[in-house]
Amino acid sequence: FPIQPVTIRDLTLQDHESSADVITRILAGEDRGPKRDAAILNASAALFLAGRARSLLEAWDVAADLLDSGRAAAKLG
């Protein structure tokens, strides 16, 4: 997986407002750091388990494309 080096501090959020802000920035394509990688990795597992991809690596590509194309954001709005 093309995951960036990360520490737990890089992924730690202070409260629900900062969490919502991170999610919004990831969906808008404004955050391409380790938090985005974590979101894609989690989405990859869900896509794989749902049978939407034949492997976790393929699911990574599907999840990244959903974010990059704006389709993930469109589902919320």
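In case you missed it, the structure is sitting above this.
Residues numbered from 1 in each chain as written. Predicted model: local features only at pLDDT ≥ 70, side-chain atom pairs only at ≥ 80, totals over all residues. Heavy atoms only, no water.

Turning next to the layout of surface pockets. A volume near 290 Å³ is recorded for the largest pocket. Surrounding the largest pocket, 14 residues form its lining, Leu27, Ala43, Leu66, Leu67 and Ala72 being those nearest its centre. Elements that contribute at least two residues to the lining of the largest pocket include exactly helix H2 (16-27), helix H3 (34-49), helix H4 (56-68) and helix H5 (71-76). The class makeup of the residues in the lining of the largest pocket is 12 nonpolar, no polar and 2 charged. (1 Å grid on protein atoms, 1.4 Å probe; cavity = no way out; pocket = protein on both sides within 12 Å on 5 of 7 lines; lining within 4 Å. Points joined across faces, edges and corners; volume = space filled by probe spheres on them. Helix = DSSP H or I, 4+ residues; strand = E, 2+ residues; numbered from the N terminus. Nonpolar A, V, L, I, M, F, W, Y, C, P; charged D, E, K, R; others polar.)

Quick look at the nonpolar core now. Across soluble globular proteins, nonpolar side chains show a tendency to be buried alongside one another. Judged by nonpolar contacts, Val22, Ile26, Leu27, Ile40, Leu47, Ala53, Ala59, Trp60, Ala63, Ala64 and Leu67 together constitute the single largest core of 11 residues. Elements with a contribution of two residues or more to this core: H2, H3 and H4. With 5 residues, H4 is the single largest residue contributor to this core. Excluding residues within four positions of it along the chain, Leu27 makes contact with Leu67, Ala72, Ala73 and Leu76. (Core = buried A, V, L, I, M, F, W, Y, C linked by side-chain atoms within 4.5 Å. Buried < 20%, exposed > 50% of the residue type's maximum accessible area, 1.4 Å probe, protein only. Contact = heavy atoms within 4.5 Å.)

Another aspect to go through is the side chain of Asp31. Within the secondary structure, Asp31 is located in the loop between H2 and H3. Judged by its relative accessible area of 8%, Asp31 falls in the buried class. Engagement of the side chain of Asp31 in a polar contact is seen with the side chain of Arg25, the distance being 3.3 Å. Among the polar contacts listed, one links the side chain of Asp31 to the backbone nitrogen of Gly33, at a separation of 2.8 Å. (Polar contact = N/O pair within 3.5 Å; in protein donor to acceptor, adjacent residues only side chain to side chain.)

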